[in-house]
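Read off the chains here:
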Amino acid sequence: MLKAVKELAEKQNIPCQISLEEKMGCGIGACLGCAVKKAQSPKEAPEYYHVCKGGPVFKSTDVEI
Amino acid sequence: MNTKINLAGIEMKNPVTVASGTFGYGREYSQFFDLSKLGAIITKGTSLKPKNGNKPPRVCETASGMLNSIGLQNPGVEYFAQNDLPFLRKYDTKIIVNACGNTIEEYVELCKILDKLDIDGVELNLSCPNVKQGCMAFGNTYEGVKTVTQAVRKVLNKPLLVKLTPNVTNIVEIAKAVEDAGADGVSLINTLLGMKIDIQKKAPVLANITGGLSGPAIKPVAVRMVYQVAKEVKIPILGMGGIISGEDAIEFMLAGATAISIGAGNFIDPQTSIKTIQGIENYMQEQKIEDINEIIGIV
Ligand SMILES: Cc1cc2nc3c(=O)[nH]c(=O)nc-3n(C[C@H](O)[C@H](O)[C@H](O)COP(=O)(O)O)c2cc1C
Ligand code: FES
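Residues numbered from 1 in each chain as written. Chains lettered and ligands numbered in written order. Predicted model: local features only at pLDDT ≥ 70, side-chain atom pairs only at ≥ 80, totals over all residues. Heavy atoms only, no water.

Considerations on the nonpolar core
Just so we agree on the cut-off: Nine residue types can take part in a nonpolar core, namely buried Ala, Val, Leu, Ile, Met, Phe, Trp, Tyr and Cys, and a core is a set of them joined through side-chain atoms within 4.5 Å. Relative accessibility under 20% of the residue-type maximum defines a buried residue, over 50% an exposed one, and the middle range a partly exposed one, all with a 1.4 Å probe and only protein chains included. For this analysis, residues touch if any pair of their heavy atoms sits within 4.5 Å.
Counting 100 residues, the largest nonpolar core has Leu124 and Leu164 of chain B as the members making the most contacts within it. Not counting residues up to four positions away in its chain, the partners in contact with Leu164 of chain B are Ser127, Val145, Ile171, Ile174, Ala175, Val178, Val186, Ser187, Leu188, Ile189 and Asn190 of chain B. Within the second largest apolar cluster, nine residues are counted, among which are Cys16, Cys34, Phe58 and Val63 of chain A.

Okay, here's the thing in structure tokens:
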């Protein structure tokens, strides 16, 4: 669902924020469990945000889901 | 009542530490309690260069435990030295850095840097099941453990603990390699390699397919390994695996651990470590134990 909304909004140039979920360990930014890939980060060495601390709401263009 | 212990040359106000990878570099938990109450803080596994970690999902819940495959995401030793160490040093507790690498050269380079930093000791991670090279590859055999530990010992004058994987046939033999190589102590245990399958998707839950099992589910395995190793090696043991209370901690100490770490327990309640310290003191009072050192390894 989020993926579809993200694609649609980006195609139409509509600003879009999405609220993500990921399985969590600590919920406070310590365990680095809840990773979500940063958009445009290199494929060989992908970089991550952490949903519990950096999110849960992200600009759709900031993340890759 | 005395709760002070000496772990491998590190004087601690109590035997309770927090396990590597479950406590970051302390900042997040400092919102919940005064970090100075801890015997020591063991940092997230730190490498020479920054690491981004594995693809998500990285964690999942299992019966009385969890699986993780974080992949040692960390900012690298330089960033740690500049940003996290000064923060941690504000607290009156011991700082032990969990060190990881892919090659012997990397371990040695890293430990040369760590030796110059204002830290109290190093816990060499020869046991992470979630990275392709290194770590557990060395931790699997007597020779591997001995070679890396010896190489690091040559460049590291600070107290050196070596953290072992339980995913081996004979833990006592591996622990002897640590002792023979001249390390000051041994940390037992890292996570047990496990796996979970999503039966709806008919696929592994973790992107890495396998992950390390931790939490109360692994406690009996950890207690058994601490007990077996304590009977055969002389260097002190930092025990961990499923500890969430003072009673659990006491069990490890009776089995032979000089100090203990709380790992996944921090996720259940950020104050688990503090409650564990309290629990140990309660037990000492009930049992009329004057000095916590009296009970180490008496079973
Ligand atoms: C999310 C997570 C991350 C971990 N990261 C590390 C690490 O970086 N280095 C390490 O030596 N052990 C790491 N471990 C293992 C723990 O330090 C500990 O050995 C293990 O989880 C068993 O203890 P527990 O059952 O109390 O969690 C990690 C464990 C978890 C759950
Ligand atoms: S759940 Fe631990 S960092 Fe987000």
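Once you've had a look at it, read on.
Remarks on the environment of Glu281 of chain B
All names here are of chain B. In plain terms, the rule: In DSSP terms, a helix is any run of H or I states spanning at least four residues, a strand is any run of E spanning at least two, and both are numbered starting from the N terminus.
Take Glu281: it is sitting in helix 9 (residues 272-286). Taking the C-alpha atoms as reference, Glu281 lies 8.1 Å from Gly246; in sequence the two are 35 residues apart. Ignoring any residue separated from it by four or fewer positions in sequence, one finds Glu281 in contact with Met1 and Thr3.

Things to note about the site of ligand 1
All names here are of chain B. To keep things clear, this is the line we draw: In these notes, residues near a molecule or strand are those with any non-hydrogen atom within 4 Å of it. Identification of polar contacts relies on pairs of N or O atoms within 3.5 Å, with a donor-acceptor requirement for protein atoms, meaning one able to donate a hydrogen and the other able to accept it, and with residues adjacent in sequence counted only if both atoms are side-chain atoms. Per-residue accessibility takes into account occlusion by the displayed protein chains alone, with areas from the Shrake-Rupley method and a 1.4 Å probe. For cavity detection a 1 Å grid was placed over the protein atoms alone, and a set of points counts as a cavity when a 1.4 Å probe fits there but cannot get out; an open set counts as a pocket when protein lies on both sides within 12 Å along at least five of seven lines, with lining residues being those that have an atom within 4 Å of a point. Each molecule is assigned to a cavity or pocket provided more than half of its atoms lie within 2 Å of the corresponding grid points. All amino acids are sorted into three groups, where Ala, Val, Leu, Ile, Met, Phe, Trp, Tyr, Cys and Pro are nonpolar, Asp, Glu, Lys and Arg are charged, and the leftover types, Gly among them, are polar.
In the vicinity of ligand 1 there are 23 residues, among which Ser20, Lys163, Gly215, Gly242 and Ala264 approach most closely. Ser20 places a main-chain nitrogen or oxygen 2.8 Å from an oxygen atom of ligand 1. Contacts to ligand 1 include Gly45, whose backbone N or O atom sits 3.1 Å from an oxygen atom. Here ligand 1 has 610 Å² of accessible area as a free molecule, and 98% of this is covered by the chains. Assessed atom by atom at 2 Å from the grid points, ligand 1 resides in the largest cavity. For the shell around ligand 1, the class distribution of residues is seven nonpolar, 14 polar and two charged.

Considerations on the layout of surface pockets
Rules: Grid points are joined across faces, edges and corners, and a volume is the space filled by probe spheres set on the points.
Its boundaries defined by the atoms lining it, the largest pocket holds a volume of some 580 Å³. Along the walls of the largest pocket sit 21 residues, with Gly29 and Leu32 of chain A together with Glu28, Gln73 and Pro75 of chain B positioned nearest its centre. Of all the secondary structure elements, the ones that give two or more residues to the lining of the largest pocket are strand 3 (48-50) of chain A together with helix 1 (77-88) of chain B. In terms of residue count, strand 3 of chain A provides more of the lining of the largest pocket than any other element does, three residues in total. Looking at the lining of the largest pocket residue by residue, the classes come out as seven nonpolar, six polar and eight charged.

Some words on the pattern of salt bridges
Rule in force here: Definition used for salt bridges: Asp or Glu carboxyl oxygen within 4 Å of a side-chain nitrogen of Lys or Arg.
Considering all chains together, one arrives at 14 salt bridges over all chains under this definition. For Glu47 of chain A, the salt bridge is made with Lys38 of chain A, and the minimal N-O distance between the two is 3.9 Å. A relative accessible area of 33% means that Glu47 of chain A is categorised as partly exposed. On the accessibility criterion, Lys38 of chain A (24% relative accessible area) is partly exposed. Here Asp184 of chain B ties to Arg153 of chain B by a salt bridge, and the two come within 2.9 Å at their closest N and O atoms.

Overview of the packing of helix 5 (residues 171-180) of chain B against helix 6 (residues 219-232) of chain B
All names here are of chain B. Under the convention used in this document: Axes here refer to lines fitted to C-alpha atoms; in helices the fit is confined to the stretch in contact. Angles between the N-to-C directions go from 0 to 180 degrees. Note that the term roughly parallel is reserved for angles under 35 degrees, roughly antiparallel for angles over 145, roughly perpendicular for angles of 65 to 115, and oblique for everything else. Working rule for handedness: look at the near helix, and if it is turned counterclockwise from the far one by less than a right angle, call the crossing left-handed; if clockwise, right-handed.
At a minimum axis distance of 9 Å, the contact between helix 5 and helix 6 shows a crossing angle of 50°. Put simply, helix 5 runs oblique to helix 6. Here the hand of the crossing between helix 5 and helix 6 comes out right-handed. Here Ile171, Val172, Ala175, Lys176 and Glu179 of helix 5 come into contact with helix 6, specifically with Met225, Gln228, Val229 and Glu232. Broken down by class, the residue content of the contact of helix 5 with helix 6 amounts to five nonpolar, one polar and three charged.

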